[in-house]
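Spelled out from the first residue to the last, the chains are:
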Amino acid sequence: MRGRKPKERESYVLRMGDGSLVEVTREVYLEWYQSRRRERYQEEKKRKYGVCSLDRLKETGSAWKTAGHECSGPEESIVKEMYLEKLREGLGRIQEQDAFLIRLLFFEEVTVKDAAWICGCSRRTVQNRRKRILGELRSIMEDIGITGWYF
């Protein structure tokens, strides 16, 4: 676990939802608080950036509807769908493992640390790959005819 660990204590106690206290081991105590921090971090990301997952994309048919972006009119909706189709086409042009990493990071809400664990590499490697892949995607999107990042 990263960060400061609490001082050794004689006993560790967790407060349950009903207010009762349960004595646990130090390992359970540390893991419980680490998971709470992870949950808070994910909630902050959701509030800041919106939620966009592949499941919601399949349900709604549009990442814009899932990320909290509302379309103001039919023209804007059609343009956004066109850009999403171009993005899918661009993702199809890059290597499968690169597309997998982008889907993990941007559609499945996986953290860089967790993506590194899934891919079996270091966090820094994932960050470098993400930067390289986004550069490739940018040039592919420009080749397709999308200049600048619409989304």
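Residues numbered from 1 in each chain as written. Predicted model: local features only at pLDDT ≥ 70, side-chain atom pairs only at ≥ 80, totals over all residues. Heavy atoms only, no water.

A. Here's a closer look at helix α4 (residues 74-93). With 20 residues, α4 extends 29 Å from end C-alpha to end C-alpha; this agrees with the ideal 28 Å at 1.5 Å per step. Residues Lys-80, Tyr-83, Leu-84, Leu-87, Gly-90 and Leu-91 constitute the buried set of α4. All buried residues of α4 fall inside an arc of 115° around its axis, so they share one side. Every exposed residue of α4 that faces more than 90 degrees away from the buried side is listed here: Pro-74, Glu-75, Ile-78 and Gly-92. (Helix = DSSP H or I, 4+ residues; strand = E, 2+ residues; numbered from the N terminus. Expected span 1.5 Å × (residues − 1). Buried < 20%, exposed > 50% of the residue type's maximum accessible area, 1.4 Å probe, protein only. Arc of directions from axis to C-beta.)

B. The arrangement of the packing of α4 against helix α7 (residues 123-144) in detail. In contact at an axis separation of 9 Å, α4 and α7 are set at 125° when each is read in the N-to-C sense. Accordingly, the angle class assigned to the pair α4 and α7 is oblique. The two elements α4 and α7 meet at a crossing, and its hand is right-handed. For the pair α4 and α7, the contacting residues are Lys-86, Leu-87, Glu-89, Gly-90, Leu-91 and Arg-93 in the first and Leu-137, Ile-140, Met-141 and Ile-144 in the second. Broken down by class, the residue content of the contact of α4 with α7 amounts to 6 nonpolar, 1 polar and 3 charged. (Axes fitted to C-alpha atoms, helices over the stretch in contact; angles between N-to-C directions. Parallel < 35°, antiparallel > 145°, perpendicular 65-115°, else oblique. Left-handed = near helix turned anticlockwise from the far one by under 90°. Contact = heavy atoms within 4.5 Å. Nonpolar A, V, L, I, M, F, W, Y, C, P; charged D, E, K, R; others polar.)

C. Structural view of the packing of aromatic side chains. Tallied over the full model, the rule gives 3 aromatic pairs. With 5.0 Å between their ring centres and 45° between their planes, Tyr-12 and Tyr-29 make a pair best called tilted. On the criterion of sequence distance, the pair formed by Tyr-12 in strand β1 (residues 12-15) and Tyr-29 in helix α1 (residues 26-49) is long-range, its members being 17 residues apart. Assigned by exposure class, Tyr-12 and Tyr-29 land together as buried. The interplanar angle of 90° and the centroid separation of 4.8 Å between the aromatic rings of Trp-32 and Tyr-33 together place this pair among those described as edge-to-face. Residue class for Trp-32 comes out partly exposed when judged on its relative accessible area of 27%. A connected cluster of aromatic rings, assembled from ring pairs, spans Tyr-12, Tyr-29, Trp-32 and Tyr-33. (Phe/Tyr/Trp six-rings, centres within 6.5 Å; stacked < 30°, edge-to-face > 60°.)

D. Representation of a nonpolar patch on the surface. On the surface, Phe-100, Trp-117 and Ile-118 cluster together to form a nonpolar patch covering roughly 390 Å² of accessible area. Tracing the backbone shows Trp-117 in helix α6 (residues 112-119). (Patch = residues over 30% accessible without salt bridge, like charges linked within 9 Å, V, L, I, M, F, W, Y side chains within 5 Å. Areas by Shrake-Rupley, 256 points an atom, 1.4 Å probe, with all protein chains shown as cover. Salt bridge = Lys/Arg side-chain N within 4 Å of Asp/Glu carboxyl O.)

E. Just the packing of helix α5 (residues 96-106) against α7, in detail. Direction vectors running N to C along α5 and α7 enclose 105°, while the axes themselves pass 10 Å from each other. Judged by the angle between their axes, α5 and α7 are roughly perpendicular. Listed contacts from α7 to Gln-97, Asp-98, Leu-101, Ile-102, Leu-105 and Phe-106 of α5 are Val-126, Arg-129, Arg-130, Arg-132, Ile-133, Leu-134 and Glu-136. Partitioned by chemical class, the residues of the contact of α5 with α7 number 7 nonpolar, 1 polar and 5 charged.

F. Expanded view of unusual backbone geometry. We note that Glu-109 has phi near 60°; this positive angle belongs to a residue other than glycine. The residue Glu-109 is located in the loop between α5 and α6 in this model. Among the residues examined, Glu-109 registers a relative accessible area of 25% and is labelled partly exposed.

G. Just the pairing of strand β2 (residues 21-24), in detail. When β1 meets β2, the two strands line up antiparallel, connected through 4 bridges. If you follow Tyr-12 over to β2, its bridge partner there is Val-24. (Pairing = 2+ DSSP bridges.)

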